[in-house]
Amino acid sequence: MSNFIIPISDKSKNLQPSGIRRFFDLLEEQKNTPNTGKPVISLGIGEPDFLTAWHTRDAGIYSLEKGYTKYTPNAGLTALRNEATAYMERRFNLTYNPKTEVLVTVGGSEALDLCVRAIVNPGDEVIIPQPSFVAYAPAVELAGGIPVPIETKSEDLFKLTPEQLRNVITPKTKILVLPFPCNPTGGIMEQEDYIELEKILKDTNIVLLSDEIYAELTYGQKHFSPANIPSLKERTLIVGGLSKSHAMTGWRIGFAYGPSELISQMTKIHQYAIMSAPTTSQYAAIDALRDGDEDILRMHDEYDRRRRLLIDGLARLGLQCFDARGAFYLFPCIRSTELSSEDFCMRLINEENLAVIPGNAFGVGGEGFVRMCYAVSADSLREALVRIEHFLKRL
Ligand code: PMP
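Notes on the structure in this doc start here. (Residues numbered from 1 in each chain as written. Predicted model: local features only at pLDDT ≥ 70, side-chain atom pairs only at ≥ 80, totals over all residues. Heavy atoms only, no water.)

Topic: the overall build of the protein
Right, on to step 1. Secondary structure assignment for the protein yields 14 helices and 12 strands.
Right, on to step 2. Whereas a compact globule of 395 residues would reach a radius of gyration of roughly 21 Å, the protein reaches 21 Å, a difference of no more than 12%.
Right, on to step 3. Dimensions of the protein, computed from C-alpha atoms along their principal axes, come out at roughly 65 × 60 × 55 Å.
Right, on to step 4. Residues classed as buried in the protein amount to 55% of the 395 residues present.
Right, on to step 5. Excluding contacts between residues fewer than 6 apart, the proportion of contacts in the protein whose partners are at least 24 apart in sequence is 76%.
Right, on to step 6. Accessible area of the protein: about 17500 Å², with a carbon and sulfur share of 52%.
Right, on to step 7. Averaging the coordinates of the 42 positive side-chain charges in the protein and doing the same for the 50 negative ones gives two points 2 Å apart. (Helix = DSSP H or I, 4+ residues; strand = E, 2+ residues; numbered from the N terminus. Rg over C-alpha atoms; globule rule 2.2 N^0.38 Å. Buried < 20%, exposed > 50% of the residue type's maximum accessible area, 1.4 Å probe, protein only. Contact = heavy atoms within 4.5 Å. Areas by Shrake-Rupley, 256 points an atom, 1.4 Å probe, with all protein chains shown as cover. Lys, Arg positive; Asp, Glu negative; His and termini not counted. Charge placed at Lys NZ, Arg CZ, Asp CG, Glu CD.)

Section: the sheet that holds strand S12 (residues 370–373)
Right, on to step 1. If you trace the three strands from one edge of the open sheet to the other, you get S9-S12-S11, paired in antiparallel fashion. Where the open sheet ends on each side, the last strands, each with one partner, are strand S9 (329–330) and strand S11 (357–358). (Pairing = 2+ DSSP bridges.)

Some remarks on the pairing of strand S7 (residues 236–241)
Right, on to step 1. In terms of burial, S7 is largely enclosed, as six of its six residues are buried.
Right, on to step 2. By the alternation rule, side chains of S7 split into Thr236, Ile238 and Gly240 and Leu237, Val239 and Gly241, which are all buried.
Right, on to step 3. One ladder, built from four bridges, connects strand S6 (residues 207–211) with S7; its direction is parallel. Counterpart to Asp211 in the pairing with S7 is Val239.
Right, on to step 4. Here S7 pairs with strand S8 (residues 254–257) via four bridges, running antiparallel. Opposite Ile238, over in S8, you have Tyr257 as the bridge partner.

So, the layout of surface pockets
Right, on to step 1. Taken as a whole, the largest pocket encloses approximately 1100 Å³ of empty space.
Right, on to step 2. Surrounding the largest pocket, 45 residues form its lining, Ser18, Ile20, Phe133, Val134 and Ala135 being those nearest its centre.
Right, on to step 3. Breaking the lining of the largest pocket down by element, the ones donating at least two residues are helix H2 (19–32), helix H5 (107–119), strand S3 (125–130) and helix H6 (136–142).
Right, on to step 4. Taken together, the residues of the lining of the largest pocket break down into 23 nonpolar, 14 polar and eight charged.
Right, on to step 5. By volume, the second largest pocket amounts to about 170 Å³. (1 Å grid on protein atoms, 1.4 Å probe; cavity = no way out; pocket = protein on both sides within 12 Å on 5 of 7 lines; lining within 4 Å. Points joined across faces, edges and corners; volume = space filled by probe spheres on them. Nonpolar A, V, L, I, M, F, W, Y, C, P; charged D, E, K, R; others polar.)

What to know about the sheet that holds strand S4 (residues 146–151)
Right, on to step 1. Sheet architecture is open: seven strands sit in the order S2-S8-S7-S6-S5-S3-S4, paired in mixed fashion. Unpaired on one side and paired on the other, strand S2 (102–105) and S4 mark the two borders of the sheet. Strand after strand, the sheet turns through a mean of 20° between neighbouring axes, direction not considered.
Right, on to step 2. Inspection of the sheet shows S2 paired to S8 by four bridges, in the antiparallel sense. Residue pairing in the sheet places Leu103 in a bridge with Ala256 of S8.
Right, on to step 3. Those strands touched by helix H10 (residues 260–273) are S2, S6, S7 and S8, and its axis lies near 25° from that of S2. (Axes fitted to C-alpha atoms, helices over the stretch in contact; angles between N-to-C directions.)

What about the packing of helix H12 (residues 293–316) against helix H14 (residues 378–394)?
Right, on to step 1. Contact geometry of H12 with H14 gives a least axis separation of 10 Å together with a crossing angle of 10°. Looking at the two axes, H12 sits roughly parallel to H14. Here Arg306, Leu309, Leu310, Gly313 and Leu314 of H12 come into contact with H14, specifically with Ala378, Leu381, Arg382, Leu385 and Ile388.
Right, on to step 2. A class-by-class count of the residues in the contact of H12 with H14 yields seven nonpolar, one polar and two charged. (Parallel < 35°, antiparallel > 145°, perpendicular 65-115°, else oblique.)

A closer look at the site of the ligand
Right, on to step 1. As a structural note, the neighbourhood of the ligand is formed by Gly107, Gly108, Ser109, Phe133, Tyr136, Asn183, Asp211, Ile213, Tyr214, Ser243, Lys244 and Arg252.
Right, on to step 2. Between Gly108 and the ligand, the recorded distance is 2.7 Å, taken from a backbone N or O atom to an oxygen atom.
Right, on to step 3. Asn183 places a side-chain nitrogen or oxygen 2.8 Å from an oxygen atom of the ligand.
Right, on to step 4. Across the complex, the protein chains shield 91% of the 400 Å² of accessible surface that the ligand would expose by itself.
Right, on to step 5. If you tally residues by element for the shell around the ligand, the top one is H5, at three residues.
Right, on to step 6. Looking at the shell around the ligand residue by residue, the class counts come to four nonpolar, five polar and three charged. (Near = heavy atom within 4 Å. Polar contact = N/O pair within 3.5 Å; in protein donor to acceptor, adjacent residues only side chain to side chain.)

Now the structure itself:
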C-alpha cells in the first residue's frame, strides 16, 4: 500500500456540498427503487422544461457546418457582444458599450465567480441576502472572503430592506449580492426599493453584484435593475444569461455587463481560466438574442399560467404561499405540518415520489419552507398537487 494522500486545500475541504445535490442523489435512488409504483415527478430541478427554439439550435448546427470550431476572442465574438448590448437596450433600457462593458461567460455561474474573484481580497465581506442561489457563498469563500448572510422575510415579500442592509455594512464590505428575481423565493425588488437602498449605498464603496438571470421572468410587472438608476449603474455588475430566458441551460452562455474597469479585470481571469465561451454556443446565442424575443414571451406566458395553477392549488390545500412575482419557483411555508423542511421533503419523496427542495438548502431563513419549481408541464403540476393533498391528509 502506498502512503500517498492527495493534498486538498482547506478551502476546498471546507466547502459544503449543495443541499440540492443531496436531494437529486436521493431522487436517482428513488428512480431505481420505485416504491409506490408512481412515476417520480420532480419539482426540484431549476431549469426550463422547454427545449431551445429550433432556429437557435439550427444556428449552432450551421456554425459547425461552416467550420467555426476554433477559439473566439476572449471576451466573446464581436457580433455576440453587439447583439447582447442591443438586447439589453431593447428589453431593459440599459446601455452598454459592446467593446468594453460586456463579457461573454460560461453561464451566469462564471460571471458571478469572476466578479467575486476580481474584487474580493482575503477577509473582505460580501453581503448575501438569503434564502438565495447556493453558489454565492462558496464563490466568496473560495476567494478568501467572508459571506455575510441577511435573512429576507416572507412578511417583507422576501425583499432586502434598507434597515437590514444598514445593519450589516462594515468598512470591509466590498460587494452586495442582489439575487432578484430570486431563486428560490420568487421575490423581486422594485424601483422604489432600490431608490431606498441607493441612499445607503451612495456614501460607500460597495459594488452591486446583481444576478438578473431571471430578468425575463417577472409576472404582472416589468423587471427593474439597480443599473436602471443612473447613480447606481457605475457600481453595478449585472449577471445575465440565456439559460432561463431562452431555455439554453446546456449551452453554457452567460454575460457580465458593467463598468469597463471591472469587466477588464474579469476578462483577465476569464482569459486564464476559460479562454473563451464555447464557440458553437456563441453562434447559437447570436441567433437567440437577435430572433428569440417571441420565444421568451411564449415561455413566459406559459410559466405564468403554471404559476397561478400552483399558487391556487397550494392555497386550496392550506399551504401558505407568498404570491411570487419572479423566476419559476414557489416557496410555500410548511410550518403548519410541524415537519422540518428536510423531513417534509424526505417523506414526500419516499411516500409520494414527488421531489421538492428543502428551503434550508438556500441558507438562512429557508427552514420552514420548501422550493417548488413550476418549469414542468401543467399536467405534472396537477398530479403533484394531488400527491401533496394525499400526503397532507395522512399527516
Ligand atoms: N443565478 C441563479 C439565481 C440561478 O438560479 C442559476 C441557475 N440555477 C444561475 C445563476 C446560473 O445559471 P447558468 O446556467 O447561466 O450558469
